[in-house]
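# Tertiary structure, described
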Amino acid sequence: MKKKPEKAIITLLFILLMGLNLSAQRKDYPIQPVAFTKVHVHDHFWQPKMEVNANVTIPYVIAQCRANGRMDNFLRAGKKLSGDRMSEFPFDDTDVYKAIEGASYAIQNKPNPKLEAYIDTLITIIGEAQEPDGYLFTFRTVNAKKPHEWIGAKRWEKEEILSHELYNAGHLYEAAVAHYQATGKKNFLNIAIKNADLLVKTFGKGKIAAYSGHQIVEIGLSKMYRITNNQKYLELAKFFLDIRGPKGDPYNQAHKKVIEQHEAVGHAVRAAYMYTGMADIAALTGDTQYLSAIDDIWGDVVNKKLYITGGIGATGAGEAFGEAYQLPNMSAYAETCAAIGNVYWNERMFLLHGDSKYIDVLEKTLYNGLLSGVSLSGDRFFYPNPLASMFQHQRSAWISCACCISNMARFLPSLPGYVYAQNKNELYVNLYMGNTSKIGLESTDVEVVQETDYPWKGNVDLTINPEKTADFTLRLRLPGWANREAAPGDLYSFLDKKDTPITIALNGKSITFIAEKGYAIISRKWKKGDRISLVLPMETNKVVANRNVKDDASRFVLQRGPIVYCLEGPDNRDSVVQNIMIDKNAVATTAYQANLLNGVDVISIPGQSTKRQLNSDRLLISNQNVNAIPYYAWANRGPSEMTVWIPYEQSAAKPKPAPTVASMSKVSSSVKNSRMFAAIKDQYEPADSKDTNYPYLHWWPAKNTKEFIQYDFASTQNVSESKIYWYDDSPWGGCRIPASYKLFYKNGDQWIPVEMISPLEISKDKFNIAKFKPVNTTALRMEIQLPAEHAAGVHEWAVK
């Protein structure tokens, strides 16, 4: 056989390799995001927040990781530090990965050689903790004498339940890809490749068939596939999804095969990450069954399970989605991680479908339920994001389960990657914020300069500077809120249907435009210096919920542009807001206050406050001016009252308590969290013992202990009756009615048992009335014996 010339062989190999490469890259999202590396934000809203993230949050998270043992985990696994003491959770490694991911984005946004050098040091430490075959899970590699109970006796043994080995891997991959994209360095990517190759050898048909207990590895593997073009990573990501269900738990979406799931259930963060991964795999493989499932699930969320803030996850029991229309406000979980997951998912849905409704949800989440997760100072955080509060919620400096904190650190600097997208010769403008970007279209490279005071003002100017005069299409997003739509679906609607039009001008002249899927389409031959001026009607709207949402009945929300507003104590009379009521037809005004909360638009509107009075059901009503601030900015001035949903009928208002013996008393208790104390005297009668719409006092996680609560009266009182409403969140929660309780009154320095007229009753779902012989005293004390296997709690304690 005649040999082919060497040059021909090389050419053939090159063609084959190129063909394989093109084949591997053939399928992906039809619309592609413009990379964060191409978009440089310089506005007055997001740039300062990104700077706080870079200068405060990321260094703070790194310092906390160091102080709370995260770095030591890797040092011990790499035999650089003696001992086997580990931090609290097996997923703590991911806080370091997310810090590196955030730092990588931040370094790209603004060079920081010192931070970059430190990140390289961290990467070296991580590499030294990796086992020779690529395994990277510090809690096992350290080989502690008393291993963490979650990790199992051998690798992957408890993956589907608790170990988080694949969850850690997913965050490793995301961070490594971000670091490579931002810096061009492969030191972290090589560690990730080594680990991913181990997963490929370990999992799959004929190998270990286990799915991830906490989804995200699917997203990470998809990103690794795009960077390395290793088809096996994509196949493994799909394998992890396809073997999920049907014999697992709804908690982590393993109760059905993923393609047979059509409703959002279970842990909201796990769910959002899984739906994001399914979108990635649908795009990369063309699997239409995935697409059908997540389309249905998205419809379920936006029509039945989405908070007005964009938050998801109604209940703290399992950090999970609730039933349809179950959207409590004060007990809303709406975890920060879930909000971030909701942004990821909706961006992918847009990339699949090209419809602006997904960006509407993304934007609502971004400006409200996500941004609320971090303080203006950048070093205090929310894990849940409630929509109402009575002093019981406060931002934390650190949380032992720090996932939300490190997630905020990595997300904010990635924000530039959500502004634009492209499809061949079409450029999508999705988010409005001042920036300068360079984008490569099929016909030419284009510089886009966006100038705006959004979200406070609706004027957006875009200067289009193509490298050469060329034909292409600009698609400007027309936000739903500017088009008389409070949110996609029928869960929320505007109370008033205002009809102020959106206007667009080209080079100073008004133009008519065709709208398609929520975008204004402008196709033309563009030249350098062409200027588009978009004017969105920035009006204050009142939003009402679907009548099936019982928690929002007879209430509305104030919304201006994408910003959802709330009432907070410091801005209103007597620092009280739960008692405020506003007429549906009240007219609002808006003023920018530069010195308040780093500069915000404040909405002012006439309203009324309600107050209970003794021995009467009639409420005292007085007029007052009511001020509202952006929801994202609440809880930056200490604990306070807050509400997003404002009553417009008396039946929905929470009147200020009447001056009773209990309400005027000082509370003390064996409970260490004093923010619970006011709950037992707020005169709110719960719907039942498990009602979480208003605060309650509880002793969880204590059990089988003797506890107490005590009233010290303002003056000597003659008392003869106690009414107590127990908190009991059975069957799923940790609190039950107590095993027993006793009442004591103070006589000098002694506590004397009261003399009961009737036996003490202990029942749930009602006030337990205890009558005793009258006593003159300055204090009353209740001693509670907790059940053997549960805690107990108190909704309300009234004294007569």
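Presented here is a report on the structure given in the accompanying data block. (Residues numbered from 1 in each chain as written. Predicted model: local features only at pLDDT ≥ 70, side-chain atom pairs only at ≥ 80, totals over all residues. Heavy atoms only, no water.)

### Points about the side chain of Asp571
Relative to the helices and strands, Asp571 resides in the loop between strand S18 (563-568) and strand S19 (580-581). Residue Asp571 is classed as buried on the basis of its relative accessible area of 16%. The contact partners of Asp571, leaving out residues within four places of it in the chain, are Leu596, Asn627, Ile629 and Arg637. (Helix = DSSP H or I, 4+ residues; strand = E, 2+ residues; numbered from the N terminus. Buried < 20%, exposed > 50% of the residue type's maximum accessible area, 1.4 Å probe, protein only. Contact = heavy atoms within 4.5 Å.)

### With respect to the state of the cysteines
Counted according to the given criterion, the structure contains zero disulfides. Distance from the sulfur of Cys337, which forms no disulfide, to the nearest cysteine sulfur (Cys404) is 3.5 Å. (Disulfide = S-S within 2.5 Å.)

### Looking at the sheet that holds strand S6 (residues 435-440)
Strand order in this open sheet of seven strands is S2-S6-S7-S8-S15-S11-S12, and the pairing throughout is antiparallel. Edge strands, defined here as strands with exactly one partner in the open sheet, are strand S2 (39-41) and strand S12 (509-511). Here the strands of the sheet are splayed against their neighbours by 20° on average, with no regard to which way each runs. (Pairing = 2+ DSSP bridges. Axes fitted to C-alpha atoms, helices over the stretch in contact; angles between N-to-C directions.)

### Observations regarding the side chain of Arg410
Among the structural elements, Arg410 can be located in helix H15 (residues 403-411). Within the structure, Arg410 has its side chain in polar contact with the side chain of Tyr344 (distance 3.3 Å). Leave out the neighbours within four places in its chain, and Arg410 touches Lys98, Glu101, Gly102, Tyr105, His171, Glu174, Ile216, Tyr273 and Tyr344. (Polar contact = N/O pair within 3.5 Å; in protein donor to acceptor, adjacent residues only side chain to side chain.)

### Describing the nonpolar core
The biggest cluster of nonpolar side chains holds 218 residues, and the ones touching the most others in it are Trp46, Tyr173, Phe188, Leu476, Tyr492 and Val644. Ranked by residue count, the leading element in this core is helix H11 (residues 268-285), at 13 residues. Residues contacting Val644, with those up to four places away along its chain left out, are Ile308, Leu387, Phe556, Val557, Val564, Tyr565, Cys566 and Tyr631. Counting residues in hydrophobic clusters, the runner-up holds 29 residues, among them Tyr711, Ile724, Leu780 and Leu786. (Core = buried A, V, L, I, M, F, W, Y, C linked by side-chain atoms within 4.5 Å.)

### Considerations on the packing of helix H7 (residues 165-183) against helix H8 (residues 187-202)
At a minimum axis distance of 8 Å, the contact between H7 and H8 shows a crossing angle of 145°. Pair H7 / H8 crosses with left-handed handedness. Residues Leu166, Ala169, Leu172, Tyr173, Ala175, Ala176, His179 and Tyr180 of H7 form the contact with H8, whose participating residues are Asn187, Phe188, Leu189, Ile191, Ala192, Asn195, Ala196 and Leu199. Here the contact of H7 with H8 is built from residues that sort into 13 nonpolar, three polar and no charged. (Left-handed = near helix turned anticlockwise from the far one by under 90°. Nonpolar A, V, L, I, M, F, W, Y, C, P; charged D, E, K, R; others polar.)

### As for H15
Across the nine residues of H15, nine count as buried, placing the element largely inside the fold. Those residues of H15 that are buried are in contact with helix H2 (46-67), helix H4 (93-109), H7, H11, helix H13 (336-353) and helix H14 (356-370).

### Let's talk about the pairing of strand S29 (residues 750-753)
In the sheet, strand S28 (residues 740-747) pairs with S29 via four bridges, with the strands oriented antiparallel. Of the residues in S29, the one forming a bridge with Tyr745 is Ile752.

### Digging into the packing of helix H5 (residues 113-129) against H8
Where H5 contacts H8, the two axes come as close as 9 Å, and the packing angle between them is 25°. Considering the angle they form, H5 stands roughly parallel to H8. For the crossing formed where H5 meets H8, the hand is left-handed. Contacts from Asp120, Ile123, Ile126 and Gly127 in H5 reach Asn187, Phe188 and Ile191 in H8. Class assignment of the residues belonging to the contact of H5 with H8 gives a composition of four nonpolar, two polar and one charged. (Parallel < 35°, antiparallel > 145°, perpendicular 65-115°, else oblique.)

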